[in-house]
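Given next are the chains, with one letter for each unit.
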Amino acid sequence: MDVQSVLHMNSGVGDMSYAKNSTVQKMITNLTKTARQEAAVDSFRAAICPTTMTIADLGCSVGPNALLMASEIIDAIAQASHQLNRGPSEIQVFLNDLSGNDFNTLFSLLPEFHKLRERKLQESEQEQVHCFISGVPGSFYGRLFVSKSLHFAYSSSSLHWLSQVPQMRLQDGSEVPLNNKGKIYISHISPPSVFEAYKKQFKRDFSLFLKCRREEVVEGGHMVLTFVARRSSNPSTPLLGSYLWELLAKTLMDMASLGLIEEEKVDSFNLPWYEPSMEEVKNEITIQGLFSIKKIELFEVNLDDNSQEAPRNDHNYNPVDKSAQTMAKTVRAALESVLKSHFGEAIIEKLFERYCFLLEEYYSKNKAEVINILIVLERK
Ligand SMILES: C[S@@+](CC[C@H](N)C(=O)[O-])C[C@H]1O[C@@H](n2cnc3c(N)ncnc32)[C@H](O)[C@@H]1O
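- An unreviewed UniProt entry lists the protein chain under the name Salicylate carboxymethyltransferase-like, with Ananas comosus given as the organism.

Written as structure tokens, this is what we have:
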């Protein structure tokens, strides 16, 4: 799978679009808002209050989250500049994603974004800050910006995506597909070589990400990164994070047993995704020595918090079903492009119907949670 050309979150604003199905990612941005705002202000102060601040969202996708995060950061910088009584008068926001991202839909939200900012300015005492937004297509596992041009960079719910599906390296240096029958990610029955390959791919990608950003971020500039992680150092401990992929693999295998897809297709499919432990992330940042760690912590995102309140007059409302439906749609909006490219479009509807059913079963006994990592870094 050529991840760069295949991967994109579901386009547009329809029922199955990412724009309409990114509640979980929105919860993550809410939980990490203060960290982003504080680091943006620290970057502003470190750059000795520049007149133009340049910030970048790496993996912005399509939908309201990207513009909400940008707006919150602009507010924080404008407030700080008001208190200090100096700059910036202009903020340049770069929204980055892979070239298959639906930038058109994202850009169509800009007039409303600018209108809201205009209104906010009139109602508050904020400094007059002109804000310029541009899209930057390309992989964040490569250079995207001019050297030393960014004051602040952030990435939310994106760095768990790898640049490619991990391969197993043989002694002669050649690479072959993973032997991970019936599974689509590291599982308790996967051979150790599967975990090793995933771990190596993450290390390669994450170190490249840090090296590229080191070139682009100015000294004293900050980065705030959040992505899916795991609590345990053992990657295949059942129920820790990867239950989503265990259940998706089970759904695919159930469909194979019914003759709806070929079992070999499932055997040859693995996700370009990795949930590292905090130690792995910390080690890589320390080994590279390009950024200092100001904060690193794991946090839980619990969908049940979002599902408790029943809509009025809905007496059949069940929070467990609601969490399962939200998660199934979230996974579909994120993974549909890679699943379609491997299994074809015809299976998608049935696949997610069954997947939702398995999630309901799982959430009736377990918390509907996802573990994330928050990292605040300062460029040395
Ligand atoms: C789940 S979305 C997160 C979007 C947004 N940050 C949010 O919080 O709602 C992950 C995004 O990361 C993007 N992505 C994955 N790998 C990438 C890469 N190598 N370079 C740039 N973007 C990438 C995907 O295309 C996708 O749009």
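So much for the structure itself; the text now carries on.
1. Re the packing of helix H2 (residues 23-46) against helix H3 (residues 64-84)
- Two numbers describe how H2 lies on H3: the axes approach to 9 Å, and their chain directions differ by 35°. Between H2 and H3 lies a crossing of right-handed hand. Touching Gln 25, Lys 26, Thr 29, Lys 33, Arg 36, Gln 37, Ala 40, Val 41, Phe 44 and Arg 45 of H2 are Asn 65, Leu 68, Met 69, Glu 72, Ile 73, Ala 76, Ile 77, Ala 80, Ser 81 and Leu 84, all from H3.
- Taken together, the residues that form the contact of H2 with H3 break down as 10 nonpolar, 5 polar and 5 charged.

2. Points about the nonpolar core
- In terms of nonpolar packing, the biggest core is built from 122 residues, with Phe 206, Phe 209, Trp 245, Leu 335, Tyr 355 and Leu 359 touching the most fellow members.
- Setting aside residues up to four positions removed in sequence, Phe 209 forms contacts with Leu 58, Phe 140, Tyr 141, Leu 159, Met 223 and Leu 225.

3. A few points about the pattern of salt bridges
- Tallying each qualifying case throughout the model produces 20 salt bridges.
- In this structure, Arg 231 and Glu 300 form a salt bridge, with 2.5 Å as the shortest nitrogen-oxygen distance. Of the two residues, Arg 231 is situated in the loop between strand S7 (217-228) and helix H7 (243-257) and Glu 300 in strand S8 (residues 291-302); the sequence distance between them amounts to 69 residues.
- The shortest N-O distance in the salt bridge between Lys 294 and Glu 378 comes to 4.0 Å. Of the two residues, Lys 294 is situated in strand S8 and Glu 378 in strand S9 (residues 369-379); the sequence distance between them amounts to 84 residues.
- Look at Lys 294 and you get partly exposed, because its relative accessible area is 43%.

4. What about the packing of H7 against helix H11 (residues 319-343)?
- Two elements in contact, H7 and H11, have axes separated by 13 Å at closest approach and are oriented at 55°. Of the possible angle classes, the one that applies to H7 and H11 is oblique. Along this stretch, H7 crosses H11, giving a crossing that reads as right-handed. Residue-level contacts link Tyr 243, Leu 244, Trp 245, Leu 248 and Leu 252 of H7 to Met 327, Val 331, Leu 335 and Phe 343 of H11.
- The class makeup of the residues in the contact of H7 with H11 is 9 nonpolar, no polar and no charged.

5. Notes on the site of the ligand
- Around the ligand sit 20 residues in total, of which Tyr 18, Gly 59, Asn 65, Asp 97 and Ser 156 are the nearest.
- Contact distances for the ligand include 3.0 Å between a nitrogen atom and a side-chain N or O atom of Ser 139.
- Between the ligand and the protein, one listed contact pairs an oxygen atom with a side-chain N or O atom of Ser 158 at 3.1 Å.
- Those elements that place two or more of their residues in the shell around the ligand are H3 and strand S2 (90-97).

6. A closer look at the packing of aromatic side chains
- Under the criterion given, the structure shown has 19 aromatic pairs.
- Residues Trp 161 and Trp 273 carry aromatic rings whose centres are separated by 5.1 Å and whose planes lie at 85° to one another, so their mutual orientation is edge-to-face. In this pair, Trp 161 is assigned in the loop between strand S4 (150-156) and strand S5 (168-169) and Trp 273 in the loop between helix H8 (263-267) and helix H9 (278-288), connecting sequence segments 112 residues apart.
- For Trp 161, a relative accessible area of 8% puts it in the buried group.
- Ring geometry for Tyr 243 and Tyr 363: centres 5.9 Å apart, planes at 75°, overall edge-to-face. A residue pair is termed long-range when its members are at least 10 positions apart, and Tyr 243 in helix H7 and Tyr 363 in helix H12 (residues 348-363) qualify at 120 residues. The same class applies to Tyr 243 as to Tyr 363, namely buried.
- Grouped by ring-pair contacts, the aromatic residues Phe 140, Tyr 141, Tyr 185, Tyr 198, Phe 202, Phe 206, Phe 209, Phe 227 and Tyr 274 constitute a single cluster.
- A cation sits over an aromatic face here: Arg 213 above Phe 209, 5.1 Å from the ring centre.

Thresholds, definitions, all that
Residues numbered from 1 in each chain as written. Predicted model: local features only at pLDDT ≥ 70, side-chain atom pairs only at ≥ 80, totals over all residues. Heavy atoms only, no water. Axes fitted to C-alpha atoms, helices over the stretch in contact; angles between N-to-C directions. Helix = DSSP H or I, 4+ residues; strand = E, 2+ residues; numbered from the N terminus. Left-handed = near helix turned anticlockwise from the far one by under 90°. Contact = heavy atoms within 4.5 Å. Nonpolar A, V, L, I, M, F, W, Y, C, P; charged D, E, K, R; others polar. Core = buried A, V, L, I, M, F, W, Y, C linked by side-chain atoms within 4.5 Å. Buried < 20%, exposed > 50% of the residue type's maximum accessible area, 1.4 Å probe, protein only. Salt bridge = Lys/Arg side-chain N within 4 Å of Asp/Glu carboxyl O. Parallel < 35°, antiparallel > 145°, perpendicular 65-115°, else oblique. Near = heavy atom within 4 Å. Polar contact = N/O pair within 3.5 Å; in protein donor to acceptor, adjacent residues only side chain to side chain. Phe/Tyr/Trp six-rings, centres within 6.5 Å; stacked < 30°, edge-to-face > 60°. Lys NZ or Arg CZ within 6 Å of the ring centre and 35° of its normal.

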